[in-house]
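Structural overview for review
Here's the letter readout for the chains.
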Amino acid sequence: LRQGQKVTDEDLADAKQIAQEYQDTMDATVWSSQYDVLAMPSAQVWPFPAEWKWPQRIGTQEMDTYHRWMEMEVPVSLGGFPCVTVPAGLRADEPRLPMGIQLFSARGEDVRLLRLAQMYHEYKDWPSRVDAFHSTGGNGDGSAVSTKTLVTMKDPSSPAQDLKQEQDKEQE
């Protein structure tokens, strides 16, 4: 709160200008090219013990504030891009904790992004995999819970076409 009270109108205007320049750059480079959706981890670290306020260090980098360990969200938040987080999988070692993937797209593409996230949800069916994992000590068939890399969407008229084609091939 004290830090926020020190922010001047000029500081705020400068920050808004930086955010606008970033948005303009993303619009001119990433969103105007072949990409409809980008993906990145939802956090820099796996879930940590509840007793911690935040991770104090990631690798050799000190985390001096609570917010520092969540810097993965800055590019999405700064750009004001629609974003949805979907499950990526479970940590391989104990405790088997979850990690997510942030999917984000250009401003105004919220509906397309939500449709893609829903298709991913239906395709991966994480709720039944996690239920099976917890009830059997695995994913129900003795194998590890797997993850798949999302494919780059190339057809703006059908943002989930590549994912659907991959699903169809697996069912054959």
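Treat the numbers as computed from the prediction; the structure is a model and nothing was measured.

Structural notes on the overall build of the protein chain
- Within the protein chain, the regular secondary structure consists of six helices and five strands.
- Along its sequence from the N terminus, the protein chain presents helices and strands in the succession α-α-β-β-β-α-β-β-α-α-α.
- Buried positions account for 31% of the 172 residues belonging to the protein chain.
- Across the protein chain, contacts joining residues at least 24 apart in sequence account for 58% of those joining residues at least 6 apart.
- Roughly 11400 Å² of accessible area belongs to the protein chain as shown, and the carbon and sulfur atoms make up 53% of that amount.

Description of the pattern of salt bridges
- According to the stated counting rule, one finds seven salt bridges in the structure shown.
- A salt bridge links R112 to D36; the nearest nitrogen and oxygen atoms lie 4.0 Å apart. Here R112 is found in helix α4 (residues 110-124), whereas its partner D36 is found in the loop between α2 (9-29) and β1 (37-41), with 76 residues between them in sequence. Comparing R112 with D36 shows no difference in burial state: the two are buried.
- D93 is paired through a salt bridge with R91; the nearest N and O atoms lie 2.7 Å apart.
- Residue D93 is classed as partly exposed on the basis of its relative accessible area, which comes to 42%.
- Residues joined by salt bridges that share partners form a network here, namely D36, E109 and R112.

Quick word on the packing of aromatic side chains
- Tallied over the entire structure, the rule returns eight aromatic pairs.
- On the numbers, 5.6 Å between centres and 70 degrees between planes, the contact of W31 with F81 is edge-to-face. Within this pair, whereas W31 is found in the loop between α2 and β1, its partner F81 is found in the loop between α3 (74-79) and β4 (83-90), the two being separated by 50 residues in sequence. In this pair, the class of W31 matches that of F81, namely buried.
- Among the aromatic residues, ring-to-ring pairing joins F48, W52, W54, Y66 and W69 into one connected group.

Considering the confidence of the model for the protein chain
- Across the protein chain, the average pLDDT comes to 76, with 75% of residues at or above 70.
- Contacts from residues 136-164, a stretch scored under 50 in pLDDT, to residues over four places away or in other chains number 53 contacts.

Brief notes about the sheet that holds strand β5 (residues 98-105)
- As summarised here, the arrangement of the three strands in space is β1-β5-β4, forming an open sheet in which the pairing is antiparallel. The outermost strands of the open sheet, each flanked by one partner alone, are β1 and β4. Taken over all neighbouring pairs, the strand axes of this sheet differ in orientation by 30 degrees on average, direction set aside.
- Pairing between β1 and β5: five bridges, direction antiparallel. The partner of P41 across the bridge, within β5, is I101.
- Against the sheet, α4 touches β1, β4 and β5, its axis set at about 20 degrees to β4.

Rules of the game
Residues numbered from 1 in each chain as written. Predicted model: local features only at pLDDT ≥ 70, side-chain atom pairs only at ≥ 80, totals over all residues. Heavy atoms only, no water. Helix = DSSP H or I, 4+ residues; strand = E, 2+ residues; numbered from the N terminus. Buried < 20%, exposed > 50% of the residue type's maximum accessible area, 1.4 Å probe, protein only. Contact = heavy atoms within 4.5 Å. Areas by Shrake-Rupley, 256 points an atom, 1.4 Å probe, with all protein chains shown as cover. Salt bridge = Lys/Arg side-chain N within 4 Å of Asp/Glu carboxyl O. Phe/Tyr/Trp six-rings, centres within 6.5 Å; stacked < 30°, edge-to-face > 60°. pLDDT = per-residue confidence, 0-100. Pairing = 2+ DSSP bridges. Axes fitted to C-alpha atoms, helices over the stretch in contact; angles between N-to-C directions.

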